[in-house]
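Letter by letter, the chains look like this.
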Amino acid sequence: MRMENAVMSLEQGVTGISVGDESCGRMGETGYFDGFRESVKPWSRIPFDEIESKIRRLFEYLRGFLQLRTEFQIGLEDDREKNEAFMNPIAPFPFDPYDPEFRKNPYPFYDRLRSETPIFYHGDWDLWFFTTFEDISALLGDKRLGRTMDHVLSPEEVAEKRRAANWERLPYFSRYVRQNFMEKEGADHARLRKLAYKVLTPKRVRGLAPRIQEITDRLIDKVEGRGRMDFIKDLATPMPVLVIAELLGVPEEERHRLCPWSEAITKMFEPAHSQLVEENAEQSAKEFSEFLLELVARRKAKPRDDLISALAAVEDEGDRLSIDELIATCMFLLNAGHETLVNSAGNGMLALLRHPEQLEKLKSDPSLTKLAVEEMLRYDSPLHLFKRWILEDMTYKDIAFKKGDQVALLYGSANRDPTEFENPDIFDITRRHNPHLAFGKGVHFCIGAPLARMELQITIDTVLRRLPGIRLADANPKRLKGFVFRGVEELPVEF
Ligand code: HEM
């Protein structure tokens, strides 16, 4: 397996974020070794004539695994001539974001990269990494880069690319998951974003506040008498899925079905996945899309005041969403608004509880909650990497890029850049200048940011008000295995 695929899979994971209730697993639970086990498990059921390709897959997987743990200088020689303006872009240490030390605390590694090689090339992954706030902000606003290249390729080239990536083998997954509007660029993207924006209005989002408060209170009611909870399992996980399902208008009695589908789809975006994982993801995309098709039909016949009804009816100068676009958008909204929120709330609460003086400050002045949430998103961001394609030959800071190159933008590093943030390693809930990139920047800036901010503010405010004695029950909670999604597996607290 190519390392670029590994990173791409992770990055694409953003579109396949797990949705669920209390029974949901966590994104990142299926880490490298789990992926390996998954690769091996289904073998007993494989017909003989498929064994050769399975062996090749396993070999590729193992090779990829070893490469991940190899100093990336190996293989760099081959790529040296790729770039005439090669500017000593080697990281000062083997850059392995899957190393447990890195996952525990990536920030000292980022500091070193920013000060010694702010832009570097990773030979094994065939990727240029950018680490500074200045570069990442500039590239996010640069039209010569995009999340996809499809809009600058001919239809034949797009078809060939899809053939090479086996799109036809996973028809439902390709049709609905691989084509959500975050994966579009240019006119297609602008059109779909505009239609989605027309229904996800500030008014609709603001109108959800009482319901979010009610959901949060109900979840806290369940644990209040216990004196302890897992903040992730008991609050941060169920809250956002209930909110997004409510917003879309998924009936309460059917919400439990979302989680297993979404989990199965999410596993596709782990660095290594087996054929069984692909089959499950395809089956889930099929069932999920059939469920939504049926729900859309119901809402079209009898519209309600929910997002599915609004998306089905939305029009912009005669333009409407096709049924495929409608299903892909609903699936994406359900997925996108979940895991990111779980991880933001978990990382934020952990930071707060690790800084008792900031906790006390917030408890004594709840009007600081808005600023505190922004600081949580900056200080330990839930998403650390996004990729972009280079759409035309170009030069950036004396480095020549070719059309079709890929770059990796380390948002998590940008948010700790001392050239933009004063004392970036200090967690300061009164920080005023805080233009963090946790929600991205430019044409793909998170459309759900107002909703996410409101959910986080209500959660933090309610927890501190209702559970004022809250403290960590485990000072070092286990981190998720992923690196693109940064979060904790569980966060035991007492109160
Ligand atoms: C704290 C929670 C969240 C975080 C940290 C987050 C982060 C992000 C980021 C970084 C991007 C841009 C990706 C890129 O630059 O390539 C993005 C895009 C997006 N997010 Fe969020 N998100 C969150 C919550 C939500 C919610 C609740 C929703 C939906 C209700 C949502 C919907 C979207 C959509 C639709 C896009 C694509 C926008 C486009 O391509 O034009 N997000 N998000």
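Note: the structure precedes this text.
The text that follows walks through the structure, step by step, so that each part is easy to find. The structure presented is a predicted model; accordingly, all values stated were derived computationally and were not measured.

### Concerning the overall build of the protein chain
Phase 1 of the analysis: If you tally the helices and strands in the protein chain, you get 23 helices and 10 strands.
Phase 2 of the analysis: Buried residues in the protein chain amount to 43% of all 495 residues.
Phase 3 of the analysis: A separation of at least 24 residues holds for 76% of the contacts in the protein chain among residues at least 6 apart in sequence.

### Observations concerning the sheet that holds strand E1 (residues 119-122)
Phase 1 of the analysis: What the 5 strands build is an open sheet, ordered E1-E2-E8-E5-E3; its pairing is mixed. Two strands close off the open sheet at either side, each with one partner strand: E1 and strand E3 (145-146).
Phase 2 of the analysis: Bridging between E3 and strand E5 (residues 385-390) involves 2 bridges; their strand directions are antiparallel. Paired with Gly 146 across the strands is Trp 389, a residue of E5.

### Quick notes on the sheet that holds strand E4 (residues 228-230)
Phase 1 of the analysis: Strand order in the open sheet formed by 3 strands is E4-E10-E9, with antiparallel pairing between adjacent strands. The open sheet has two free edges, formed respectively by E4 and strand E9 (471-472), since each of these has just one partner strand.
Phase 2 of the analysis: The pairing of E9 with strand E10 (residues 492-494) spans 2 bridges and is classified as antiparallel. Looking across to E10, one finds that Arg 471 is bridged to Glu 494.

### A closer look at helix H10 (residues 186-199)
Phase 1 of the analysis: Over its 14 residues, H10 extends 21 Å from the first C-alpha to the last, a length consistent with the 20 Å expected when each residue adds 1.5 Å.
Phase 2 of the analysis: Of the positions making up H10, those classed as buried are Leu 192, Leu 195, Ala 196 and Val 199. Buried residues of H10, viewed axially, fall in a sector of 95°; they line one side. Counted as exposed and oriented over 90 degrees from the buried face of H10: Ala 187 and Tyr 197.
Phase 3 of the analysis: Looking at the buried residues of H10, the elements they touch are helix H17 (307-313) and helix H18 (323-336).

### Quick look at the site of the ligand
Phase 1 of the analysis: Around the ligand, 23 residues are found, and the nearest of them are Gly 337, Thr 340, Gly 440, Cys 446 and Gly 448.
Phase 2 of the analysis: Secondary-structure elements contributing two or more residues to the shell around the ligand are H18, helix H19 (339-353) and helix H23 (449-466).
Phase 3 of the analysis: The element contributing the most residues to the shell around the ligand is H19, with 3 residues.
Phase 4 of the analysis: By residue class, the composition of the shell around the ligand is 15 nonpolar, 6 polar and 2 charged.

### Remarks on the environment of Met 182
Phase 1 of the analysis: Examined against the element boundaries, Met 182 turns out to sit in the loop between helix H9 (171-177) and H10.
Phase 2 of the analysis: Classification of Met 182 as buried rests on a count of 22 C-beta atoms within 10 Å.
Phase 3 of the analysis: Measuring from C-alpha to C-alpha, the distance between Met 182 and Cys 446 comes to 9.4 Å, with 264 residues separating the pair along the chain.

### Quick notes on the packing of helix H21 (residues 369-379) against H23
Phase 1 of the analysis: Across the interface, H21 lies against H23 with an axial gap of 9 Å and an inter-helix angle of 110°. Judged by the angle between their axes, H21 and H23 are roughly perpendicular. In this structure, H21 meets H23 at a crossing whose hand is right-handed. Listed contacts from H23 to Thr 369, Lys 370, Ala 372 and Val 373 of H21 are Arg 453, Leu 456, Gln 457, Ile 460 and Asp 461.
Phase 2 of the analysis: Residues of the contact of H21 with H23, tallied by class, amount to 4 nonpolar, 2 polar and 3 charged.

### Focus: H18
Phase 1 of the analysis: With 14 residues, H18 ought to run about 20 Å at 1.5 Å a step, and its terminal C-alpha atoms sit 20 Å apart, in line with that.
Phase 2 of the analysis: Judged by how many residues are buried, H18 sits mostly within the fold: 12 of 14 residues are covered.
Phase 3 of the analysis: Of all the residues in H18, the buried ones are Glu 325, Leu 326, Ile 327, Ala 328, Thr 329, Cys 330, Met 331, Phe 332, Leu 333, Leu 334, Asn 335 and Ala 336.

### So, the packing of H19 against H23
Helix-helix packing: each pair is described by the crossing angle between the helix axes and the interaxial distance.
Phase 1 of the analysis: Between H19 and H23, whose axes approach to 11 Å, the crossing angle comes to 40°. The angle between the axes of H19 and H23 places the two elements in the oblique class. Two packed elements cross with a definite hand, and for H19 against H23 that hand is right-handed. Where H19 approaches H23, its residues Thr 340, Leu 341, Ser 344, Ala 345 and Gly 348 are matched on the opposing element by Ala 452, Glu 455, Leu 456, Thr 459 and Ile 460.
Phase 2 of the analysis: In terms of residue class, the contact of H19 with H23 is built from 5 nonpolar, 4 polar and 1 charged.

### Some thoughts on unusual backbone geometry
Phase 1 of the analysis: Its identity as a non-glycine residue notwithstanding, Asn 166 has a phi of 60°, on the positive side.
Phase 2 of the analysis: Note that Asn 166 resides in the loop between helix H8 (155-164) and H9.
Phase 3 of the analysis: Judged by local crowding, Asn 166 falls into the exposed class, with 10 C-beta atoms found within 10 Å.
Phase 4 of the analysis: Of note in the backbone geometry, Asp 398 takes a positive phi value of approximately 70° without being a glycine.

### Overview of the nonpolar core
Phase 1 of the analysis: Judged by nonpolar contacts, the single largest core of 113 residues is most densely connected at Leu 248, Leu 311, Cys 330, Met 331, Leu 409, Leu 410 and Tyr 411.
Phase 2 of the analysis: The greatest single-element share of this core, amounting to 9 residues, is contributed by H18.
Phase 3 of the analysis: Once residues within four sequence positions are removed from consideration, Tyr 411 is found in contact with Ile 136, Ser 381, Leu 383, His 384, Leu 385, Phe 386, Leu 437 and Ala 438.

How each quantity is defined
- Residues numbered from 1 in each chain as written.
- Predicted model: local features only at pLDDT ≥ 70, side-chain atom pairs only at ≥ 80, totals over all residues.
- Helix = DSSP H or I, 4+ residues; strand = E, 2+ residues; numbered from the N terminus.
- Buried ≥ 20, exposed ≤ 12 C-beta atoms within 10 Å, placed from the backbone.
- Contact = placed C-beta atoms within 7 Å.
- Pairing = 2+ DSSP bridges.
- Expected span 1.5 Å × (residues − 1).
- Arc of directions from axis to C-beta.
- Near = placed C-beta within 6 Å.
- Nonpolar A, V, L, I, M, F, W, Y, C, P; charged D, E, K, R; others polar.
- Axes fitted to C-alpha atoms, helices over the stretch in contact; angles between N-to-C directions.
- Parallel < 35°, antiparallel > 145°, perpendicular 65-115°, else oblique.
- Left-handed = near helix turned anticlockwise from the far one by under 90°.
- Core = buried A, V, L, I, M, F, W, Y, C linked by C-beta atoms within 7 Å.

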